[in-house]
Amino acid sequence: MSQAPLHRQFPPDFVWGVATSSFQIEGAAREDGKGESIWDRFCRQPGAIADASNGDVACDHYHRLDADLDLIASLGVDCYRFSIAWPRVQPLGHGDWNPKGLDFYERLVDGLQRRGIRAFATLNHWDLPQGLQDRGGWNDRDTVHRFVDYARHVQARLGDRLDGITTHNEPWVVAVLGHEQGNFAPGIKSRKIATQVCHHLLLSHGLALQALRADGAKSRLGIVLNLSSCMPATAMPEDIAAARMADARGRRWYADPLFKGAYPDEVMAELGADAPVVEPGDMRSIAQPMDYLGVNYYTRSVVSADGQEWKAGDRGLPITDMGWEVYPEGLTDLLLLLHRDYPGLPPVYITENGAAFKDEAVVDGRVQDADRTAYLRDHIAAVAAALRQGVPMAGYMVWSLMDNFEWASGYEKRFGIVHVDYATLARTPKASADWYRDFIRAWRG
Ligand code: PNW
């Protein structure tokens, strides 16, 4: 079957964007009254970050806001997804507010508005105030209420200019990488704590949506989940069962509470004594109607019953510098699965998709990242395939606007469509940025 050119496969109201997060780009870690975050603290733990780096300077976005806004505008995008650093707004996460913190985001939001770009703000992209971690962090139920206060405070000041407000970015990463495996902040290793953290993240999402709406929310409200499609390594029944269980742990554990008000029984049973404490009314609070669902997709997972890691390279598909297999069809599969499992699914945005690649050749001052361009093009085509099959797709955002602090990998992994020279902090669009700009231009017609 012949298809229209890719850009013709998206409706005129589709939203194209680029994404970043506060800790990964801002720097200015101790300026204008900002408090310490759990990532500031975690980076100082020996061995925590591959290149022993931290977020003190990062891309210095805090001091380069206007130039970065011009850069975003030069791509011709409709939307910019960024996150707000809670410790800038409320240094300890409880008690006093720091007006200078929201001054920065007000300049950001106003700068986007002047350039005709929609603002898509995330309230929690992992940089919890250390002052709350000192009181137990997301494991403590009181943090749920502190988050609701913070959400209301942000909305009161900026809500009239935010197109979207996302409560949390990727609760799976915070819970599992941060509290079960411990390779992300705050570096805790306990499955029991991780499940409670996850419950509190979801609960704080639901209670924040209720509070923001009671306050007269003008923005669309939602959450961002990182999801992959799980496939059995072979057609053996054990592998099929293992893949189903991996899907229940990684996708349904998060999406079922949000859309059905219940955790999947089989995961609850598996957790046993590590299951979260759920108070009466919690599940109903979590399952608030959402205006959109954000999906971050990078790769699929291939699952086998013996738990043996299937080396991505064994299947002959390209592998990114993160070791993640390039598998765009998995994005279509995932979106169809969400559409099937959750009737009444709200509009879906791909809030992150992109790739880190090694050895990007520089020709005439331009990073020639043909591998990244192909990755983006093929995943955008995967979104188009989901659209054709009825999934309510509303937008797509590239991770990331620019190379930045890639968490435990430090600055070694580069996801940007704009290159950052960390010696000079100069930004140079890569060939993939040129491609994305031309693609959006063609779509606009
Ligand atoms: C996401 N995993 O993180 C984040 O939202 C971004 O901040 C990050 O830069 C981007 O993806 C690229 O890593 C993830 O191990 C980190 O499965 C790790 C995983 C998934 C997402």
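For the structure itself, consult the block above.
Conventions and cut-offs
Residues numbered from 1 in each chain as written. Predicted model: local features only at pLDDT ≥ 70, side-chain atom pairs only at ≥ 80, totals over all residues. Heavy atoms only, no water. Pairing = 2+ DSSP bridges. Helix = DSSP H or I, 4+ residues; strand = E, 2+ residues; numbered from the N terminus. Axes fitted to C-alpha atoms, helices over the stretch in contact; angles between N-to-C directions. Contact = heavy atoms within 4.5 Å. 1 Å grid on protein atoms, 1.4 Å probe; cavity = no way out; pocket = protein on both sides within 12 Å on 5 of 7 lines; lining within 4 Å. Points joined across faces, edges and corners; volume = space filled by probe spheres on them. Nonpolar A, V, L, I, M, F, W, Y, C, P; charged D, E, K, R; others polar. Buried < 20%, exposed > 50% of the residue type's maximum accessible area, 1.4 Å probe, protein only. Near = heavy atom within 4 Å. Polar contact = N/O pair within 3.5 Å; in protein donor to acceptor, adjacent residues only side chain to side chain. Left-handed = near helix turned anticlockwise from the far one by under 90°. Phe/Tyr/Trp six-rings, centres within 6.5 Å; stacked < 30°, edge-to-face > 60°. Lys NZ or Arg CZ within 6 Å of the ring centre and 35° of its normal.

So, the sheet that holds strand 3 (residues 118-124)
Inference 1: The strand order around the closed barrel formed by eight strands is 1-2-3-4-5-7-9-12, and the pairing between neighbours is parallel. Sheet twist, expressed as the average angle between the axes of neighbouring strands with direction ignored, equals 25 degrees.
Inference 2: Pairing between strand 3 and strand 4 (residues 164-169): four bridges, direction parallel. Bridge pairing in strand 4 links A121 to I165.
Inference 3: Where helix 5 (residues 99-114) meets the sheet, it contacts strand 2 (79-83) and strand 3, and its direction lies at approximately 170 degrees from that of strand 2.
Inference 4: The sheet contacts of helix 7 (residues 141-158) involve strand 3 and strand 4, and relative to strand 3 the element is tilted by about 160 degrees.

Observations concerning the layout of surface pockets
Inference 1: Of the volumes computed, that of the second largest pocket is approximately 240 Å³.
Inference 2: As for the second largest pocket, its lining consists of S229, C230, M231, I240, A243, R244, D247, R251, D333, L337, R340 and D341.
Inference 3: Elements with a contribution of two residues or more to the lining of the second largest pocket: strand 6 (230-232), helix 10 (237-260) and helix 13 (329-341).
Inference 4: With five residues, the top contributor of residues to the lining of the second largest pocket is helix 10.
Inference 5: Of the residues in the lining of the second largest pocket, the class split is five nonpolar, one polar and six charged.

So, the side chain of D256
Inference 1: Here D256 is to be found in helix 10.
Inference 2: By relative accessible area, which is 5% here, D256 ends up buried.

A look at the environment of T320
Inference 1: In this structure, T320 sits in the loop between strand 8 (301-303) and helix 13.
Inference 2: On the basis of relative accessible area, T320 is assigned to the buried category, the value being 9%.
Inference 3: In sequence terms T320 and R372 are 52 residues apart; their C-alpha atoms lie 9.2 Å from each other.
Inference 4: T320 has contacts with V326, A355, A356 and F357, leaving out every residue within four places of it along the chain.

Concerning the site of the ligand
Inference 1: Lining the immediate surroundings of the ligand are 16 residues, of which Q24, H125, E352, E406 and W407 lie closest.
Inference 2: Within the side chain of E352, an N or O atom sits 2.7 Å from an oxygen atom of the ligand.
Inference 3: Note that an oxygen atom of the ligand is positioned 2.9 Å from one of the side-chain N or O atoms of W407.
Inference 4: If one sorts the elements of the shell around the ligand by residue count, helix 8 (residues 171-180) sits on top with three residues.
Inference 5: By residue class, the composition of the shell around the ligand is nine nonpolar, four polar and three charged.

Regarding the packing of helix 7 against helix 9 (residues 191-214)
Inference 1: Contact geometry for helix 7 and helix 9: axes closest at 9 Å, N-to-C directions at 35 degrees. Of the two elements, helix 7 crosses helix 9, and the hand of that crossing is right-handed. Residues R141, V144, H145, F147, V148, A151, R152 and Q155 of helix 7 lie in contact with helix 9, whose contacting residues are H200, L203, S204, L207, A208, A211 and L212.
Inference 2: Here the contact of helix 7 with helix 9 is built from residues that sort into nine nonpolar, four polar and two charged.

Thoughts on helix 8
Inference 1: Burial analysis of helix 8 places eight of its 10 residues in the buried class, which makes it a mostly covered element.
Inference 2: Regarding helix 8, the residues found buried are P171, V173, V174, A175, V176, L177, G178 and H179.
Inference 3: Next to the buried residues of helix 8 lie strand 4, helix 9, strand 5 (220-226) and helix 10.
Inference 4: With its phi angle positive at about 75 degrees, G182 sits one or two positions after the end of helix 8.

Quick notes on the packing of aromatic side chains
The geometry of an aromatic ring pair is captured by two quantities: the separation of the ring centres and the angle between the planes.
Inference 1: Taken as a whole and assessed by the stated rule, the structure comprises 37 aromatic pairs.
Inference 2: Three or more aromatic residues joined by ring pairs make a cluster, and in this case those are F23, W39, F42, W126, F184, F405, W407, Y411 and Y422.
Inference 3: The ring of Y327 carries R300 above its face, with NZ or CZ at 3.7 Å from the centroid.

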